[in-house]
Amino acid sequence: MRTTKSRDKTPYVDEADIDQLRVGARAWFRAPGSDVPATDARVASISAASIRELDSPEAASVYGGHVQARKDEAGRLIPDSAIYRVILVPDQETPGHGAGGAALRQPGVAIIQCRPVSLLARVYRKTVSLLMGEAGF
């Protein structure tokens, strides 16, 4: 996760989980090892397409983050699989902003409330997407 503006937080979500998210869903952010309680937030937006380049080095696996990524010849961080950017907006102003209201990057964990999906539905979707991929659709 990284902070993008004074009030926004941006976690990255795997393609397998993106269908369960919705704008307006409750979320919580917590920085590991911090004594500060989790920040309450809401999902403000979900990217329509997977991102091609990771703009948060601290989230990339090559720097110890959770997003599997590699560096290309130009030094850009390219995700190994489809991931989506989700914008979280805290319910109230949070500490940790730099001079002039600019937000500081802060790695952490975002927990987002999702719609429940049955195991059978997940297996069905995965099977259909695999078959469509193999068929060339």
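Being a predicted model, the structure only gives us computed values, none of them experimental.

Asker: Could you give an account of the layout of surface pockets, with specific residues and numbers?
Answerer: The space that makes up the largest pocket amounts to roughly 420 Å³. Taken together, 13 residues make up the lining of the largest pocket; nearest its centre are Glu15, Ala16, Arg125, Lys126 and Ser129. Looking at the lining of the largest pocket, the elements with two or more residues in it are helix H1 (15-18) and helix H2 (119-135). Of the residues that constitute the lining of the largest pocket, the class distribution is four nonpolar, three polar and six charged. Of the volumes computed, that of the second largest pocket is approximately 350 Å³. Taken together, 20 residues line the second largest pocket, and the ones lying closest to its centre are Pro11, Tyr12, His66, Val109 and Ala110.

Asker: Any details on the side chain of Gln20? Residues and values, ideally.
Answerer: Within the secondary structure, Gln20 sits in the loop between H1 and strand E4 (26-30). In this structure Gln20 comes out as buried when scored by relative accessible area, which is 12%. Not counting residues within four places of it along the chain, the set of residues in contact with Gln20 comprises Cys114, Arg115, Val117 and Arg122.

Asker: Explain the nonpolar core to me, and be specific about the residues and the numbers.
Answerer: Counting residues in hydrophobic clusters, the biggest one holds eleven residues: Val13, Ile18, Leu21, Ala25, Ala27, Ala41, Val43, Tyr84, Val86, Leu88 and Ile112. Take this core: its biggest share by element is three residues, from strand E8 (residues 83-90). Those residues in contact with Ala25 that lie beyond four places of it in its chain are Ala41, Arg42, Val43, Ile112 and Gln113. Grouped together as the second largest cluster of nonpolar side chains are nine residues, Tyr12, Ile51, Ala69 and Ile83 included.

Cut-offs used in this document
Residues numbered from 1 in each chain as written. Predicted model: local features only at pLDDT ≥ 70, side-chain atom pairs only at ≥ 80, totals over all residues. Heavy atoms only, no water. 1 Å grid on protein atoms, 1.4 Å probe; cavity = no way out; pocket = protein on both sides within 12 Å on 5 of 7 lines; lining within 4 Å. Points joined across faces, edges and corners; volume = space filled by probe spheres on them. Helix = DSSP H or I, 4+ residues; strand = E, 2+ residues; numbered from the N terminus. Nonpolar A, V, L, I, M, F, W, Y, C, P; charged D, E, K, R; others polar. Buried < 20%, exposed > 50% of the residue type's maximum accessible area, 1.4 Å probe, protein only. Contact = heavy atoms within 4.5 Å. Core = buried A, V, L, I, M, F, W, Y, C linked by side-chain atoms within 4.5 Å.

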